[in-house]
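Commentary on secondary and tertiary structure
Each chain, written out:
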Amino acid sequence: MNRKIFYSLVLTAFITMTVYGQQKATPEQPEYYSPAPKVITPGSANFGAPSDAIILFDGKNLDEWEPTRRSASIEKWTLVDGTMLVNKKSGDFQTKRKFKDFQLHIEYRIPSDINGSGQSRGNSGIFMAALPGGSGGYELQVLDNYNNSTYVNGQAGSIYKQNPPMVNACLKPGEWQRYEVVWIAPRFKEDGSIESSARVTVFHNGVLVQNNLVLTGDTPYLGNTEYKKNSPSPIKLQAHGDKSEPISYRNIWLREL
Ligand code: MG
């Protein structure tokens, strides 16, 4: 075999192997084994917390919570029959801990004898991140809209004055209802300007109502929405000033992401 034929055979073999190698994908190619996801124990069917959750309220005490108003004469929210009862006189209540990104489970109940209409019918709210000093924040609305209409971007399941829920998944007043929330906090630059917007996904009573919504800023009752540097932040529950009977909360847990 002369040298020319030898080299052309080597080249042909190389090209064949290269082409064959590219075409011969194996199922194993995209598979990897490390790092392995952490093993946890899922909660029970009654929406109990999984083993890696931070328990914010399990009916035993209010140790994880504090009023946002710092007055010495403040009345706290109260523990009644294993539930946390909103005290409208004392103002909003917030977690002592601060969080950034999380999965939150929370249950609420609007009394069966609720009265009022529009925004004055079982109004409370879950602020995924309170602003400094306990003011404002980003509110997921709590309201009785089982048979009560209001502006749609202010009804239960809405991100207040920004985006209505995809569906109305309200249960009757008197029944326990639940939210599952995935909150990705806004990111800020050193000078306090916004780097990336907040995002939220919400299930109301197991039904998707907000799908990875990008927030335009906070959710004020009055005025323009804007971002204010506030991360990490407490989670805050609203003591709304409407005249209707107070709301109860229970079974609140969170997993940091
Ligand atoms: Mg509200």
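Residues numbered from 1 in each chain as written. Predicted model: local features only at pLDDT ≥ 70, side-chain atom pairs only at ≥ 80, totals over all residues. Heavy atoms only, no water.

A separate point is the overall build of the chain. Looking only at helices and strands, one finds 1 helix and 15 strands in the chain. Within the chain, contacts between residues at least 6 apart in sequence are counted, and of these 65% link residues at least 24 apart. With an accessible surface of roughly 14200 Å², the chain has 54% of that area assigned to carbon and sulfur atoms. (Helix = DSSP H or I, 4+ residues; strand = E, 2+ residues; numbered from the N terminus. Contact = heavy atoms within 4.5 Å. Areas by Shrake-Rupley, 256 points an atom, 1.4 Å probe, with all protein chains shown as cover.)

Applying the stated rule across the entire model yields 11 salt bridges. Here Lys60 ties to Asp58 by a salt bridge, and the two come within 3.3 Å at their closest N and O atoms. For Asp58, a relative accessible area of 43% corresponds to the partly exposed category. Overlapping salt bridges bring together Asp218, Glu226 and Lys228 as one network. (Salt bridge = Lys/Arg side-chain N within 4 Å of Asp/Glu carboxyl O. Buried < 20%, exposed > 50% of the residue type's maximum accessible area, 1.4 Å probe, protein only.)

Moving on to the coordination of the magnesium ion. Only Asn123 (OD1), Ser124 (O), Glu139 (OE), Gln141 (OE1) and Gln238 (OE1) from the protein coordinate the magnesium ion, and they sit 2.2 to 2.3 Å from it. Counting along the primary sequence, the residues that act as donors to the magnesium ion give the motif N-S-x14-E-x1-Q-x96-Q. Of this pair, Asn123 sits in the loop between β6 (102–109) and β7 (124–127) while Gln141 sits in strand β8 (residues 139–142), and the two are 18 residues apart along the sequence. The class for Gln141 is buried, based on a relative accessible area of 1%. (Donors = N, O, S within 2.8 Å, 3.2 Å for Na, K, Ca; no water.)

Alignment of strand β9 (residues 176–184) against strand β12 (residues 199–204), held across 6 bridges, turns out to be antiparallel. What sits directly across from Ile184, in β12, is Arg199. Remark: 2 residues form the turn of the hairpin made by β12 and strand β13 (residues 207–214), two consecutive strands paired antiparallel; Asn205 in that turn has positive phi of roughly 55°. (Pairing = 2+ DSSP bridges.)

For the rest of this paragraph, the subject is the packing of aromatic side chains. To describe a pair of aromatic rings, you give the distance between the ring centres and the angle between the ring planes. Overall, the coordinates contain 8 aromatic pairs when judged by the stated rule. Both rings, one in Tyr138 and one in Trp183, keep their centres 5.5 Å apart while their planes meet at 45°; by these two values the pair is tilted. Of this pair, Tyr138 sits in the loop between β7 and β8 while Trp183 sits in strand β9, placing them 45 residues apart in sequence. Owing to a relative accessible area of 0%, Tyr138 belongs among the buried residues under this scheme. (Phe/Tyr/Trp six-rings, centres within 6.5 Å; stacked < 30°, edge-to-face > 60°.)

To continue, consider the layout of surface pockets. Taken as a whole, the largest pocket encloses approximately 210 Å³ of empty space. Here the residues of the lining of the largest pocket sort into 4 nonpolar, 9 polar and 3 charged. (1 Å grid on protein atoms, 1.4 Å probe; cavity = no way out; pocket = protein on both sides within 12 Å on 5 of 7 lines; lining within 4 Å. Points joined across faces, edges and corners; volume = space filled by probe spheres on them. Nonpolar A, V, L, I, M, F, W, Y, C, P; charged D, E, K, R; others polar.)

Relative to the assigned elements, Asp101 resides in the loop between β5 (93–95) and β6. Within the structure, the side chain of Asp101 is placed 2.8 Å from the backbone nitrogen of Ala185, a separation counted as a polar contact. In contact with Asp101, not counting residues within four places along its chain, are Trp183, Ile184, Ala185, Arg187, Arg255, Glu256 and Leu257. (Polar contact = N/O pair within 3.5 Å; in protein donor to acceptor, adjacent residues only side chain to side chain.)

The next thing to look at is the environment of Lys243. Relative to the assigned elements, Lys243 resides in the loop between β14 (236–237) and β15 (248–256). Accessibility expressed as a relative area gives 78% for Lys243, which makes it exposed. In this structure the C-alpha to C-alpha distance between Lys243 and Lys88, which are 155 residues apart in sequence, comes to 9.3 Å.

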